[in-house]
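# Chain and residue survey
Listed here are the chains, written in short residue letters.
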Amino acid sequence: MSASELAAAVTRALDVDPEEFHTNAREEAEQLKTEVRSGTFDNTEAIVGMELELYAVDDQTDALRRVPRQLLELIGFEKELGLHNAEMQTSPQPLNSHGLAAQRNELKASLMPAQQRLGTEGIRLVSDGMWTVPPNGETAESYLCDAVSEDGIRIGTNMSDAVRYHTMANTDYPSAFELDAPHVSLQAKTVMPEALITSIQPHYQIPHAPDLPEYFSYALRVAAPLLALGVNAPFFPPDLYDDAPAEEILEDAHMEHRIGVFESVLNPPEDDPTPPKVCFPPDFDTVEDAIDDIVADDTIVPMDVQSGTRFDDAFVHLRHKHGSYWRWIRPVFEGATRSAANARIEFRPLPAQPTVDDAIAFEALFAGLMESLPRLEHPIQSLDWETAKENFYAATREGLRADIEWITADGATTTSTDELYGELFEHAREGLEQRGLSAEEAHEYIRPLRERVDRRLTPARWKHDSVRRRIEEHVPLPEAIWGMQSTYIRRQKATLLDGSFVDWFE
């Protein structure tokens, strides 16, 4: 799509009557509530799924690479925000031994030929929380901030040509479009700085949709310990740092800057009264409350959406609103057919992981906990919401070193890492066994994450230690970060499809 065609499409999107759009969404929400209460969105068993985002690099230099759109379509991956991004989604599968194996095999079956095909063009896909090496001959700042004006419409030069991405930069919603992190400050004109980050997003379908609030409350309270296990984005591209000593940048680095990037780019500035859209979500008393929260959320881009032949096209305006309902954990209601209609929890805090098995380990851990904690009526549900939120942001800063408050099965409060994760892994194992996995199978899925706790080593901590060692050897910060990144990519190349992060040390 040319710049003029894209600008014309953005202009048409901006001409949509927001009041009419919101009226339609509210009416559809009432229909959705009726369908949910009538059992349409129930499932006979729990279902799991996964979204996996990656970025492309030059296979020789590790520099970020744009992926030609035709090539992206050829390998069967979907466009994401940046021209360097690629995304794949697994087919939903029942939560059992065959379903989890199918999830893992589908990821590997798609990634292997994609890497082979891209390799002929000198490109490699990387699974990582944040890229740090800009394209050859460019800075990260120029890549993220380059934009043109076409007929009065701002167009991000390195953004995919999806109309909704570019419309976000031209609406009245006051997104800050900035990076605000320790020793990093960047002001852009589009949402493109968000393309620094990549994630995995496990999904868990609720068997009985009206029970979603109970499952959701548990998901909020396990968010911090799961994020602390998965942190993988402690460094920005070096040219984005202010002029500060390397030791200070190391000292002040968060283990998971991805959280702050998403929030500071897309939310309004702190002095703006508009409520933030990217945030830790509230508890819900009823499934209707969850639907109402989506309805009440600001719509950045009210578009002229048309109903098609899908069952959930009856809620097409509400589904479009949901696309910018950016909570770290969010409820989802959709289904291509009435029989496929489902209510699920989308778990969004996790960065992309070093290997496929690491990603599947998180899917299994999250699903196992969603199975066991509600069944046990585990007292962690009584943890105060404010504490759960504080835990979450502590995990972004400190990873496994965070003092995460947990309530044990016997009702005791603890901040002991060993006690917390010992119980967490045990309950996840029980949940997976409840779905028919053997004890050995359940253990093998969770093992890569259990070993992270035993070693007190996450991908982010590995990166941080690697850069620190180089700094102590008097290597300049940019070279230290790029050296770490080169090692990360090289080790991932050997283990992405057949190994896990802990194999890097054995």
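Refer to the structure printed above.
What counts, and where the lines are drawn
Residues numbered from 1 in each chain as written. Predicted model: local features only at pLDDT ≥ 70, side-chain atom pairs only at ≥ 80, totals over all residues. Heavy atoms only, no water. Helix = DSSP H or I, 4+ residues; strand = E, 2+ residues; numbered from the N terminus. Buried < 20%, exposed > 50% of the residue type's maximum accessible area, 1.4 Å probe, protein only. Contact = heavy atoms within 4.5 Å. Polar contact = N/O pair within 3.5 Å; in protein donor to acceptor, adjacent residues only side chain to side chain. Salt bridge = Lys/Arg side-chain N within 4 Å of Asp/Glu carboxyl O. Lys, Arg positive; Asp, Glu negative; His and termini not counted. Core = buried A, V, L, I, M, F, W, Y, C linked by side-chain atoms within 4.5 Å. Pairing = 2+ DSSP bridges. Axes fitted to C-alpha atoms, helices over the stretch in contact; angles between N-to-C directions. Parallel < 35°, antiparallel > 145°, perpendicular 65-115°, else oblique. Nonpolar A, V, L, I, M, F, W, Y, C, P; charged D, E, K, R; others polar.

## Here we look at the environment of Thr190
- Topologically, Thr190 is positioned in the loop between strand S8 (184-187) and strand S9 (200-205).
- Taking relative accessible area as the criterion, Thr190 reaches 4% and is therefore assigned buried.
- Apart from residues lying up to four places away in sequence, Thr190 is in contact with Ala147, Gly156, Met159, Ala169 and Phe177.
- Reaching out from Thr190, the side chain makes a polar contact with the backbone nitrogen of Met192 at a distance of 3.1 Å.

## A short note on the pattern of salt bridges
- Counted by the stated rule, this structure contains 30 salt bridges.
- With a closest N to O distance of 2.7 Å, Asp312 and Arg310 form a salt bridge.
- What makes Asp312 buried here is its relative accessible area of 0%.
- For Arg310, a relative accessible area of 33% corresponds to the partly exposed category.
- Close ionic contact of Asp312 with Arg319 constitutes a salt bridge, the shortest N to O distance being 3.2 Å.
- Each of Arg310, Asp312, Asp313 and Arg319 takes part in a single network of salt bridges with overlapping partners.

## Notes on the side chain of Gln115
- Within the fold, Gln115 resides in helix H4 (residues 97-119).
- For Gln115, a relative accessible area of 11% gives the class buried.
- Look past the residues within four positions of Gln115 in its chain and what remains in contact with it is Ile123, Arg124, Leu125 and Leu496.

## Digging into the side chain of Glu263
- Relative to the helices and strands, Glu263 is located in helix H9 (residues 257-266).
- Notably, Glu263 is buried but unbridged: the nearest opposite-charge side chain belongs to Lys389, and the N-O separation is 8.1 Å.
- Sequence-distant contacts of Glu263, defined by excluding residues within four places in its chain, comprise Val278, Cys279, Trp328 and Tyr393.

## Details of the nonpolar core
- One finds Phe77, Tyr204, Phe236, Ile329, Phe333 and Tyr421 to be the most contacted residues of the largest nonpolar core, which totals 158 residues.
- Top contributing element to this core by residue count: helix H7 (residues 212-230), with 13 residues.
- Within the second largest apolar cluster, eight residues are counted, among which are Leu6, Ala7, Ala9 and Ile155.

## Structural notes on the pairing of strand S5 (residues 147-150)
- Taken together, the four bridges between S5 and strand S6 (residues 153-156) define a ladder with antiparallel strand orientation. Pairing of Ala147 across the sheet is with Gly156, part of S6.

## What about unusual backbone geometry?
- For His183, which is not glycine, the phi torsion reads 70° and is therefore positive.
- Relative to the helices and strands, His183 resides in the loop between strand S7 (178-181) and S8.
- A relative accessible area of 18% places His183 in the buried class.
- Although it is not a glycine, His474 sits at a positive phi angle of roughly 70°.

## Overview of the packing of helix H12 (residues 356-376) against helix H14 (residues 417-434)
- Where H12 meets H14, the closest approach of the two axes is 7 Å, and the angle between their N-to-C directions is 85°. Considering the angle they form, H12 stands roughly perpendicular to H14. Each of Ala364, Leu365, Gly368, Leu369, Glu371, Ser372, Leu373, Arg375 and Leu376 in H12 lies in contact with H14, whose residues at this interface are Leu424, Phe425, His427, Ala428, Glu430, Gly431, Leu432 and Gln434.
- Considered class by class, the residues forming the contact of H12 with H14 number nine nonpolar, five polar and three charged.

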